[in-house]
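# Descriptive analysis of the structure
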Amino acid sequence: MIVTYNWLKQYVDFDFSPEDLSHRLTMAGLEVDSMEKLGAGLDSVIVARLLAVEAHPEADRLTLCQVDTGSETIQVVCGARNHKAGDLIALAQVGSVLPGDFQIKKSKIRGQESFGMLCSEKELGLAEDAEGIMILPPGLQLGTPAFEALGLKDVRYELGLTPNRPDCLSVVGVAREVSAMAGKPLKLPVPKVVETGAPIDLETSVTIVEPEYCPRYAARLIKGVKIGPSPEWMIRRLESVGMRSINNVVDVTNFVLLELGHPLHAFDFNLLRDRRIVIKSAAEGDRFTTLDSQPRQLGNFDLTICDGEGPVALAGIMGGENSEIKPETTDVLLESAYFNPNTIRRTSKRLGIHTESSHRFERGADVDMVPLALDRAAELIQQLAGGTIATGRIDAYPRHLAKKSLSLTALRTSEVLGMNIDAIDIKKHLSAIGFEVAFAHDREDGALAVKVPAFRPDIEREIDLIEEVARLNGYDSIPVTMPASQLICHQGPSHQQQVRSLRDYMVGSGFSEVINYSFVAEASWDRIALAVDDGRRKTVRVLNPLTEEQAVMRTSLVPSVLDTIARNLSYRNNDLQIFELRPVFHAAEGSELPVEKLRLTACMCGRRSPEGWSQDRAAIDYYDLKGVVEAILSRFKIAGVQWDGDETENFLHPGKSCRLRCQGQTLGTLGEVHPQILETFEIDQPAYLLDLDLAALFALAGAHPGFRPLSRYPDVYRDSAFLIDDDVTAARVFEVLGGIKNKNLEEVVLFDLYRGKGVPEGKKSFAIRARYRSLEKTLTDDEIQSLHGKIVRALQKNIDAEIR
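### Observations regarding the overall build of the chain
In terms of regular secondary structure, the chain is built from 20 helices and 42 strands. By the burial criterion, 48% of the 804 residues in the chain qualify as buried. Excluding contacts between residues fewer than 6 apart, the proportion of contacts in the chain whose partners are at least 24 apart in sequence is 67%. Here the chain has roughly 40700 Å² of accessible surface; of this, 49% comes from carbon and sulfur atoms. The positive charge centre, built from 92 side chains, and the negative charge centre, built from 114, are 4 Å apart in the chain.

Okay, structure coming up:
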C-alpha cells in the first residue's frame, strides 16, 4: 500500500515530520518498507516558458527551443512533439540530477548546443510512462522550482501490510491510525450528492440471488456524463501513488478505492440488457471475457454480476468487456458492494486473476462503507464528468451482518503486556481507531464491552484487542524484562526414543539416510513384482498429483530406495549403504485417512571397504546385511528370532533371502535383490536389501537386562567337532544348545564348517567352542568335562550328531 504525507494530512491535522511519521507507523505495526521524498534534490528543475519552437536544421525528429528561465534565455534541443511556443514547461538545468542518477550536462546534439532538458513526468519520477514533455498549467512564476510551484513536493510511503490488516489498504485507513497517534480527529469525506434525476427504482433494479456470497449490493445511476480526461489534481493524486490515469469516470472509482479502501465498478448502463443487475453464481462452463480481453471459463462456484441475460462482471474481481466504460458512454451505473471473502479468494486463485479489487475483497472489505463509497464516487463523477444523478440509491442488504462484541479487562491486559494500563487508557486507545467501547455494567471486574467495527475482520478474540492496545500504546513502551523460567527435562515417548536410537545406529554403522517423496507411481508395484492380490497394491490415490509419477501414496519404501540406488550408480557412486526410515500409507476401509506404518528399508552394494591401498576389494554380501539386522535385534534386546529361508518376497532372490519371524509375528525380510528386479531398475551389480516393520520390532523390544557381576575366576574353553546331516541348519543346532540349562556356560561359538574329503556324503562337519566360567570358584577339569558332556549328549540325542 502506498500513501503520501500530504494526502494523509487532508484527513488528519498532524505535525509529525516525515521521518517521525515513518517511525511511528512502523511501531504501530504498519511497517514502512520505503520512504521516498518526491522532488527532493530537484529544485534545479524550474518553471520556464518556450519563447520559440523551431525545427532542428539537421534532424527531422528534433526541435530547437528558445527557453525563458525568468533570468535568461537559453537554447534546448528537444525530442518531443507535444509542445509549442508559449507553453510553460519543466526545465532541468545543467547540473541537475534526475531520478535514476541521470545528470544533465551541456551538450551538442547534431551540431546545436543544448543547455538543459525539457522534462516529462516519467523523467521526473511522477509517472511510469509519458508520451511527451510535461506541459505546466498557466500562471506559474518563471524560475520557481517546478515541484514547489505545482505543489508536488511530498513524501511517499510504501507500507508492507500483513494480510490481516485490510483496513489499512486505504489512505483513510492509514489516516485513522495516524489520528490515534496524534490524538487528533479523523476527518472523513462527507459526500454531498445532488439528485435531480428520475427515481432510480424506475430505471433499474438489483436482485441478490445468493445473499450468503453477496450480503450487500448498492447502486447509483448517473445519466448524461461526458467521458474525458481527468483534471490535473486527479491525475497527480493517482500518479503520486503509482496508478495511471484512464478517464474521468474510471479514475474516480480508482480514487475512491485508494481513499476509502472500498472497490467500486462502473458499468455502461446502456449496455446492460434489460437494464437490471442480478448477482448469482455462474453456470458450470459459462464463457465470459473480462476487461483484459481474456476469455474465462467459469464454474458454478464463481460469483458473477449479471444483467438480464448473462454475466457482465466477475464479482469483486474484474468487469467485463461487454459493459466497460468507453469514450461514447453517456449513462453510468455505479456499483458498491460487499462480497464474501472466501468466494472472491477461491475464484481469484482458480482463474489466476489478482486485482486491486480482489486484493481487498478477499481479505475482508467494510460492509458499512458500501453507501459512503458509492455516494463519494457519485459526487466526484458529477463534478468531473457532469451528468444527472438519479434520485435515491438502491441498497440491497437482505441479511445484515452483526458486529462482533467482545469484552476486555484492564487486569488481563496488564498481565499479558507486563505493564500497568488502566481501563480509561484502554478505552481511549480503542475508541481512537473506531471501536465502540463502554463499561460493562453487568460485570463487577470493570470489564469493557467492545463492539468491533466492520472494517476490522481480524479482531476475533480478547487477545486481539490486547494486541491493539499494545500497538497503540507503543511497542517500545513495553518494559524489557528477562523471562523467569524453569529448565525441565522431559523424556520423549518411548517410540520416539526407539526411532532415534535406530536411526543413530544406522548412521553410526556407515549408512546414509535418504528421504524420498511419499508419492510414487502406480506402476511401482509391478516394478518390484508384487503379487496381484498383495495388500500393498491397495493404495491411497492423490487427488491432484503433480505428475503420474507421484499419483499414489506409497505402501512400501522398496521402489524409492532402489530408485535412489540406481540414480547414484548412474553417477558412478558404486559403493553404497543407504537407508530410509519413513512411514508408509495403507488404505483403510471405512476411513478417509490412511493407516500409517513406520518401516526401515536399507540397501547395500559395492565394496565392503572404501577403496584404498590398505583395504581389500571384497564385495558386500548377504552376511554383511545379516550382521546389520543381528546388531539391530541385539540393540533392542530381541531374542528367539527365526530366519525363515523358505518364504520371502518376490523382489528378493530365492535361496539368498529370508523372512524374520519372532513370537508368531513377521518382522521383515532381507536378502539379495532378485536379478530381474535389478534389471528393471537398471542396477548392474548385486544389491542386498532389508525391509523391517518397525511397529512389530519395537513391540518385541526387551528391557535392559541389568548388570551382571564380573567373575574373578578364569574361564576355560572346550572345542568339539561333530558330524551331522547336511540338511540340519545352524539355527537348529543353536536351538538345541539354547535348551541346555547350565549357569556356568557363558557362550557357544560355531567356528568351523567343513564338507569334503574325509566327511561322508550327505554329512557335514561343524566345530563349536564353548566357554565356561563360574562366579563362585575356579572350575576343575572334572566339572568342565561333566558340563561339556551335557552339550555332546544333547546334540547326539536331538540331531543325531556324531563326535569326531
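Now that the structure has been shown, we can carry on.
### Some points on the packing of helix α6 (residues 248-260) against helix α9 (residues 370-385)
At a minimum axis distance of 9 Å, the contact between α6 and α9 shows a crossing angle of 145°. Handedness of the α6/α9 crossing: right-handed. Touching Asn248, Val249, Val252, Phe255, Val256, Glu259 and Leu260 of α6 are Leu372, Ala373, Arg376, Ala377, Leu380, Ile381, Leu384 and Ala385, all from α9. Class assignment for the residues of the contact of α6 with α9 results in 12 nonpolar, 1 polar and 2 charged.

### Regarding the sheet that holds strand β40 (residues 745-754)
Taken together, 4 strands build an open sheet; the order of strands is β40-β41-β39-β42 and the sheet is antiparallel. The open sheet has two free edges, formed respectively by β40 and β42 (802-803), since each of these has just one partner strand. When strand β39 (residues 716-725) meets strand β41 (residues 763-772), the two strands line up antiparallel, connected through 10 bridges. If you follow Val716 over to β41, its bridge partner there is Tyr772.

### Details of unusual backbone geometry
With a phi angle near 55°, Lys637 is a residue other than glycine that sits in the positive phi range. Secondary-structure assignment places Lys637 in the loop between α16 (622-635) and β35 (642-644). Residue class for Lys637 comes out partly exposed when judged on its relative accessible area of 37%. Of note in the backbone geometry, Gln663 takes a positive phi value of approximately 55° without being a glycine. Within the secondary structure layout, Gln663 lies in the loop between β36 (652-662) and β37 (665-673).

### With respect to the pairing of strand β25 (residues 388-391)
Of the strand pairs in this sheet, strand β14 (residues 195-199) and β25 are connected by 2 bridges, and their pairing is parallel. From the neighbouring strand, Pro199 faces β25, where its bridge partner is Thr391. Where strand β16 (residues 216-223) lies against β25, 2 bridges are found, and the strand directions are antiparallel. What sits directly across from Lys223, in β25, is Thr388.

### Topic: the sheet that holds strand β13 (residues 154-160)
Across the sheet, 3 strands lie side by side as β1-β13-β2; this open sheet has antiparallel pairing. Among the strands making up the open sheet, the edge pair consists of β1 (2-4) and β2 (31-38). Sheet twist, expressed as the average angle between the axes of neighbouring strands with direction ignored, equals 25°. Inspection of the sheet shows β1 paired to β13 by 3 bridges, in the antiparallel sense. In the strand pairing of β13, Thr4 is matched with Arg156.

### Some remarks on the packing of helix α2 (residues 18-27) against helix α4 (residues 171-182)
When two helices pack together, their arrangement is given by the angle between their axes and by how far apart the axes lie. Taken N-terminus to C-terminus, the directions of α2 and α4 make an angle of 100°; their axes are 11 Å apart at the nearest point. Comparing the axis directions of α2 and α4 gives the class roughly perpendicular. In this structure, α2 uses Leu21, Arg24 and Leu25 to contact α4, whose residues at the interface are Val174, Val178 and Met181. In terms of residue class, the contact of α2 with α4 is built from 5 nonpolar, no polar and 1 charged.

### Quick notes on the side chain of Arg773
Here Arg773 lies in the loop between β41 and α20 (781-799). Side-chain polar atoms of Arg773 contact the side chain of Glu746, separated by 2.9 Å.

Cut-off values and rules
- Residues numbered from 1 in each chain as written.
- Predicted model: local features only at pLDDT ≥ 70, side-chain atom pairs only at ≥ 80, totals over all residues.
- Heavy atoms only, no water.
- Helix = DSSP H or I, 4+ residues; strand = E, 2+ residues; numbered from the N terminus.
- Buried < 20%, exposed > 50% of the residue type's maximum accessible area, 1.4 Å probe, protein only.
- Contact = heavy atoms within 4.5 Å.
- Areas by Shrake-Rupley, 256 points an atom, 1.4 Å probe, with all protein chains shown as cover.
- Lys, Arg positive; Asp, Glu negative; His and termini not counted.
- Charge placed at Lys NZ, Arg CZ, Asp CG, Glu CD.
- Axes fitted to C-alpha atoms, helices over the stretch in contact; angles between N-to-C directions.
- Left-handed = near helix turned anticlockwise from the far one by under 90°.
- Nonpolar A, V, L, I, M, F, W, Y, C, P; charged D, E, K, R; others polar.
- Pairing = 2+ DSSP bridges.
- Parallel < 35°, antiparallel > 145°, perpendicular 65-115°, else oblique.
- Polar contact = N/O pair within 3.5 Å; in protein donor to acceptor, adjacent residues only side chain to side chain.

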